[in-house]
Amino acid sequence: MNVLNFISSFFSDNAHWQGYDGIPTRVGEHIQYTLMALGIAAAVGLPVGLLTGHTGRGGNTLALIATSARALPSFGLMVLMFILLGLGMAPVMIPLVVLAIPPILVTTYEAMRSVDPAPVDAARGMGMAETAVLLRVELPVALPLILSGLRSAAIQIVSTATIAAYVSFGGLGRYIIDGLYQRNYEKVVGGATLVAAMALTTLGLFWAVSRIAVSPGVRRQN
(Lines give C-alpha, C1' and ligand atoms only; values in the text may rest on other atoms or scores of the structure.)
Protein backbone atom coordinates (compact mmCIF):
# COMPACT_ATOMS: atom_id res chain seq x y z
CA MET A 1 0.00 0.00 0.00
CA ASN A 2 1.63 3.26 -1.09
CA VAL A 3 1.62 6.62 0.65
CA LEU A 4 -1.22 8.05 -1.45
CA ASN A 5 -3.42 5.12 -0.51
CA PHE A 6 -2.60 5.64 3.17
CA ILE A 7 -3.54 9.32 2.86
CA SER A 8 -6.77 8.54 1.02
CA SER A 9 -7.79 5.90 3.54
CA PHE A 10 -7.03 8.14 6.50
CA PHE A 11 -9.00 11.15 5.31
CA SER A 12 -11.93 9.14 3.92
CA ASP A 13 -12.52 7.39 7.24
CA ASN A 14 -15.40 9.16 8.99
CA ALA A 15 -14.08 8.01 12.37
CA HIS A 16 -11.15 10.37 11.93
CA TRP A 17 -13.42 13.40 11.67
CA GLN A 18 -15.28 13.16 14.96
CA GLY A 19 -14.73 12.64 18.66
CA TYR A 20 -11.83 13.56 20.93
CA ASP A 21 -9.36 11.97 18.49
CA GLY A 22 -10.92 13.55 15.41
CA ILE A 23 -9.01 15.72 12.98
CA PRO A 24 -10.79 18.99 13.97
CA THR A 25 -9.95 18.41 17.65
CA ARG A 26 -6.31 17.52 16.99
CA VAL A 27 -5.83 20.43 14.59
CA GLY A 28 -7.33 22.79 17.18
CA GLU A 29 -4.96 21.50 19.85
CA HIS A 30 -1.97 21.87 17.53
CA ILE A 31 -2.97 25.44 16.68
CA GLN A 32 -3.33 26.20 20.39
CA TYR A 33 0.18 24.94 21.17
CA THR A 34 1.61 26.85 18.20
CA LEU A 35 -0.06 30.16 19.05
CA MET A 36 0.88 29.93 22.72
CA ALA A 37 4.54 29.15 22.01
CA LEU A 38 4.82 31.75 19.23
CA GLY A 39 3.15 34.40 21.38
CA ILE A 40 5.52 33.81 24.31
CA ALA A 41 8.58 33.68 22.03
CA ALA A 42 7.54 36.88 20.25
CA ALA A 43 6.90 38.64 23.57
CA VAL A 44 10.50 37.85 24.55
CA GLY A 45 12.34 38.01 21.23
CA LEU A 46 10.78 41.04 19.55
CA PRO A 47 11.38 43.68 22.26
CA VAL A 48 14.94 42.49 22.88
CA GLY A 49 15.70 42.33 19.15
CA LEU A 50 14.19 45.75 18.49
CA LEU A 51 16.02 47.40 21.38
CA THR A 52 19.42 45.85 20.67
CA GLY A 53 19.04 46.48 16.94
CA HIS A 54 18.07 50.10 17.55
CA THR A 55 21.02 50.75 19.86
CA GLY A 56 23.49 48.52 17.97
CA ARG A 57 24.63 46.94 21.21
CA GLY A 58 24.56 43.29 22.26
CA GLY A 59 24.87 41.70 18.81
CA ASN A 60 27.58 39.25 19.88
CA THR A 61 25.62 38.29 22.97
CA LEU A 62 22.50 37.65 20.90
CA ALA A 63 24.46 35.46 18.50
CA LEU A 64 25.85 33.44 21.43
CA ILE A 65 22.42 33.01 22.99
CA ALA A 66 20.87 31.99 19.68
CA THR A 67 23.61 29.47 18.95
CA SER A 68 23.30 27.96 22.42
CA ALA A 69 19.51 27.72 22.22
CA ARG A 70 19.61 26.09 18.79
CA ALA A 71 22.02 23.46 20.11
CA LEU A 72 19.50 22.27 22.72
CA PRO A 73 17.56 19.15 21.62
CA SER A 74 13.85 19.95 21.89
CA PHE A 75 12.80 16.41 22.76
CA GLY A 76 15.51 16.00 25.39
CA LEU A 77 14.62 19.35 26.92
CA MET A 78 10.95 18.39 27.04
CA VAL A 79 11.72 15.11 28.81
CA LEU A 80 13.91 16.96 31.31
CA MET A 81 11.17 19.54 31.97
CA PHE A 82 8.64 16.73 32.37
CA ILE A 83 10.86 15.09 35.01
CA LEU A 84 11.41 18.38 36.85
CA LEU A 85 7.95 19.93 36.53
CA GLY A 86 5.66 16.94 36.10
CA LEU A 87 2.66 16.69 33.82
CA GLY A 88 1.39 20.03 32.57
CA MET A 89 1.64 22.56 29.77
CA ALA A 90 4.99 23.99 30.91
CA PRO A 91 7.12 20.96 29.88
CA VAL A 92 5.65 21.26 26.38
CA MET A 93 5.84 25.05 26.07
CA ILE A 94 9.40 25.53 27.31
CA PRO A 95 11.12 23.56 24.50
CA LEU A 96 8.91 25.16 21.85
CA VAL A 97 9.61 28.67 23.15
CA VAL A 98 13.34 27.98 23.41
CA LEU A 99 13.23 26.74 19.81
CA ALA A 100 11.32 29.79 18.55
CA ILE A 101 13.16 32.63 20.29
CA PRO A 102 16.50 32.48 18.36
CA PRO A 103 15.11 33.09 14.83
CA ILE A 104 12.87 35.89 16.11
CA LEU A 105 15.63 37.49 18.18
CA VAL A 106 18.43 37.31 15.62
CA THR A 107 16.32 38.21 12.59
CA THR A 108 14.77 41.19 14.37
CA TYR A 109 18.21 42.44 15.38
CA GLU A 110 19.58 42.02 11.85
CA ALA A 111 16.48 43.67 10.37
CA MET A 112 16.96 46.74 12.53
CA ARG A 113 20.66 46.94 11.74
CA SER A 114 19.96 46.71 8.00
CA VAL A 115 17.86 49.89 7.96
CA ASP A 116 19.44 52.71 5.95
CA PRO A 117 20.96 55.11 8.53
CA ALA A 118 20.22 58.20 6.41
CA PRO A 119 16.48 58.50 7.21
CA VAL A 120 17.19 57.53 10.83
CA ASP A 121 19.71 60.38 11.17
CA ALA A 122 17.30 62.74 9.43
CA ALA A 123 14.52 61.82 11.87
CA ARG A 124 16.80 62.47 14.81
CA GLY A 125 17.87 65.75 13.23
CA MET A 126 14.20 66.79 13.10
CA GLY A 127 13.98 66.24 16.84
CA MET A 128 12.06 62.98 16.89
CA ALA A 129 12.28 61.02 20.13
CA GLU A 130 14.11 57.69 20.05
CA THR A 131 10.85 55.78 20.52
CA ALA A 132 9.35 57.57 17.52
CA VAL A 133 12.46 56.87 15.45
CA LEU A 134 12.20 53.20 16.33
CA LEU A 135 8.48 52.81 15.69
CA ARG A 136 7.91 55.23 12.81
CA VAL A 137 11.17 55.08 10.84
CA GLU A 138 13.08 51.87 11.55
CA LEU A 139 10.28 49.40 12.24
CA PRO A 140 8.33 49.89 8.96
CA VAL A 141 11.50 49.32 6.93
CA ALA A 142 12.62 46.34 9.02
CA LEU A 143 9.16 44.73 9.07
CA PRO A 144 9.66 42.32 6.12
CA LEU A 145 12.70 40.71 7.75
CA ILE A 146 11.03 40.69 11.16
CA LEU A 147 8.06 38.84 9.69
CA SER A 148 10.43 36.34 8.10
CA GLY A 149 11.85 35.58 11.54
CA LEU A 150 8.37 35.11 12.97
CA ARG A 151 7.51 32.89 10.01
CA SER A 152 10.57 30.71 10.55
CA ALA A 153 9.75 30.39 14.24
CA ALA A 154 6.12 29.49 13.50
CA ILE A 155 7.11 26.78 11.01
CA GLN A 156 9.55 25.28 13.49
CA ILE A 157 6.90 25.26 16.21
CA VAL A 158 4.30 23.65 13.94
CA SER A 159 6.76 20.90 13.04
CA THR A 160 8.12 20.35 16.54
CA ALA A 161 4.84 20.59 18.49
CA THR A 162 4.29 16.95 17.58
CA ILE A 163 6.56 16.07 20.52
CA ALA A 164 3.73 17.08 22.88
CA ALA A 165 2.22 13.66 22.23
CA TYR A 166 5.18 12.00 23.96
CA VAL A 167 3.96 13.35 27.31
CA SER A 168 0.31 12.44 26.72
CA PHE A 169 -0.77 15.77 25.24
CA GLY A 170 -2.78 16.12 22.06
CA GLY A 171 -2.13 17.79 18.75
CA LEU A 172 -1.29 16.19 15.44
CA GLY A 173 1.63 14.34 16.98
CA ARG A 174 -0.95 12.10 18.63
CA TYR A 175 -1.60 10.42 15.27
CA ILE A 176 2.11 9.86 14.65
CA ILE A 177 2.97 8.55 18.12
CA ASP A 178 -0.15 6.39 18.47
CA GLY A 179 0.18 5.17 14.90
CA LEU A 180 3.77 4.05 15.44
CA TYR A 181 2.84 2.31 18.69
CA GLN A 182 -0.12 0.55 17.06
CA ARG A 183 1.79 -0.06 13.79
CA ASN A 184 -1.04 1.79 12.09
CA TYR A 185 0.92 3.45 9.27
CA GLU A 186 -2.23 4.94 7.79
CA LYS A 187 -2.54 7.06 10.93
CA VAL A 188 1.17 7.93 10.90
CA VAL A 189 1.07 9.12 7.29
CA GLY A 190 -2.20 10.97 7.88
CA GLY A 191 -0.74 12.81 10.87
CA ALA A 192 2.42 13.72 8.98
CA THR A 193 0.31 15.00 6.07
CA LEU A 194 -1.69 17.20 8.40
CA VAL A 195 1.49 18.65 9.92
CA ALA A 196 2.84 19.40 6.44
CA ALA A 197 -0.48 21.00 5.44
CA MET A 198 -0.45 23.17 8.56
CA ALA A 199 3.12 24.27 7.83
CA LEU A 200 2.13 25.28 4.29
CA THR A 201 -0.93 27.08 5.62
CA THR A 202 1.30 28.98 8.04
CA LEU A 203 3.50 30.07 5.13
CA GLY A 204 0.41 31.29 3.30
CA LEU A 205 -0.84 33.23 6.32
CA PHE A 206 2.48 35.02 6.77
CA TRP A 207 2.55 35.85 3.06
CA ALA A 208 -0.91 37.41 3.40
CA VAL A 209 0.12 39.34 6.52
CA SER A 210 3.20 40.69 4.75
CA ARG A 211 1.07 41.85 1.82
CA ILE A 212 -1.19 43.74 4.23
CA ALA A 213 1.29 45.03 6.82
CA VAL A 214 4.31 45.94 4.67
CA SER A 215 4.04 49.10 2.61
CA PRO A 216 4.35 48.66 -1.19
CA GLY A 217 7.48 50.79 -1.33
CA VAL A 218 9.29 48.62 1.21
CA ARG A 219 8.13 45.45 -0.60
CA ARG A 220 9.63 46.70 -3.87
CA GLN A 221 12.97 47.35 -2.17
CA ASN A 222 13.02 43.74 -0.93
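Presented here is an overview of the structure given in this document. Only a predicted model underlies this, so the values are computations on that prediction, with no experimental measurement involved.

## A look at the side chain of His-54
For step 1, the next point in the chain: Looking at the secondary structure, you find His-54 in helix H2 (residues 23–55).
For step 2, the next point in the chain: A polar contact is formed between the side chain of His-54 and the side chain of Glu-138, at a distance of 2.5 Å.
For step 3, the next point in the chain: With sequence-adjacent residues up to four places away left out, His-54 is seen in contact with Met-112, Arg-113, Arg-124, Glu-130, Val-133, Leu-134 and Glu-138.

## Describing the packing of helix H4 (residues 74–85) against helix H5 (residues 90–113)
Geometrically, a packed helix pair is captured by the angle between its two axes and the distance between the axes.
For step 1, the next point in the chain: Two elements in contact, H4 and H5, have axes whose closest approach is 8 Å; the angle formed by their N-to-C orientations is 145°. The crossing of H4 and H5 is right-handed. Contacts from Ser-74, Leu-77, Met-78, Met-81, Phe-82 and Leu-85 in H4 reach Ala-90, Pro-91, Ile-94, Pro-95, Val-98 and Leu-99 in H5.
For step 2, the next point in the chain: Here the contact of H4 with H5 is built from residues that sort into 11 nonpolar, one polar and no charged.

## Focus on the environment of Gly-190
For step 1, the next point in the chain: Its location among the elements puts Gly-190 in helix H9 (residues 185–213).
For step 2, the next point in the chain: Given a relative accessible area of 0%, Gly-190 falls into the buried group.
For step 3, the next point in the chain: Apart from residues lying up to four places away in sequence, Gly-190 is in contact with Phe-10 and Phe-11.

## Comments concerning the nonpolar core
For step 1, the next point in the chain: Grouped together as the largest cluster of nonpolar side chains are 40 residues, with contacts concentrated most on Leu-38, Val-92, Leu-96, Ile-104 and Leu-150.
For step 2, the next point in the chain: Elements supplying a minimum of two residues to this core: H2, H5, helix H6 (117–125) and helix H7 (130–160).
For step 3, the next point in the chain: Among residues more than four places away in sequence, those in contact with Leu-38 are Ile-104, Leu-150, Ala-153, Ala-154, Ile-157 and Phe-206.
For step 4, the next point in the chain: In terms of nonpolar packing, the next biggest core, distinct from the first, is built from nine residues, Phe-10, Val-158, Leu-172 and Leu-194 among them.

## Some points on the pattern of salt bridges
Think of it this way: side chains of opposite charge can pair up when their charged atoms draw near.
For step 1, the next point in the chain: As enumerated under the stated definition, the model contains five salt bridges in all.
For step 2, the next point in the chain: Residue Arg-124 is joined to Glu-130 by a salt bridge in which the shortest nitrogen-to-oxygen separation is 3.0 Å.
For step 3, the next point in the chain: Look at Glu-130 and you get partly exposed, because its relative accessible area is 39%.
For step 4, the next point in the chain: Between Asp-178 and Arg-174 there is a salt bridge, with its nearest N and O atoms 3.1 Å apart. Remark: Arg-174 and Asp-178 occur in helix H8 (residues 173–182); sequence separation between them is four residues, near one turn of the helix.
For step 5, the next point in the chain: According to the relative accessible area criterion, Arg-174 is buried, its value standing at 13%.

## Quick notes on the packing of aromatic side chains
For step 1, the next point in the chain: Counted under the stated rule, the structure contains four aromatic pairs.
For step 2, the next point in the chain: Pairing Phe-11 with Trp-17 gives two aromatic rings, centres 6.3 Å apart and planes at 50°, and the pair type is tilted.
For step 3, the next point in the chain: On the basis of relative accessibility, which here comes to 43%, the residue Trp-17 falls in the partly exposed class.
For step 4, the next point in the chain: A ring pair is formed by Tyr-33 and Phe-169, whose centres lie 6.3 Å apart and whose planes are at 70°; its orientation type is edge-to-face.

## Quick notes on H2
For step 1, the next point in the chain: Its 33 residues give H2 an end-to-end C-alpha distance of 47 Å, which sits within 8% of 48 Å, the value for a rise of 1.5 Å per residue.
For step 2, the next point in the chain: At Ala-42, H2 is bent by approximately 30°, the largest bend along its length.

Calculation notes
Residues numbered from 1 in each chain as written. Predicted model: local features only at pLDDT ≥ 70, side-chain atom pairs only at ≥ 80, totals over all residues. Heavy atoms only, no water. Helix = DSSP H or I, 4+ residues; strand = E, 2+ residues; numbered from the N terminus. Polar contact = N/O pair within 3.5 Å; in protein donor to acceptor, adjacent residues only side chain to side chain. Contact = heavy atoms within 4.5 Å. Axes fitted to C-alpha atoms, helices over the stretch in contact; angles between N-to-C directions. Left-handed = near helix turned anticlockwise from the far one by under 90°. Nonpolar A, V, L, I, M, F, W, Y, C, P; charged D, E, K, R; others polar. Buried < 20%, exposed > 50% of the residue type's maximum accessible area, 1.4 Å probe, protein only. Core = buried A, V, L, I, M, F, W, Y, C linked by side-chain atoms within 4.5 Å. Salt bridge = Lys/Arg side-chain N within 4 Å of Asp/Glu carboxyl O. Phe/Tyr/Trp six-rings, centres within 6.5 Å; stacked < 30°, edge-to-face > 60°. Expected span 1.5 Å × (residues − 1). Bend = angle between axes of the 7 residues up to and from the residue.

By themselves these figures say nothing about function.
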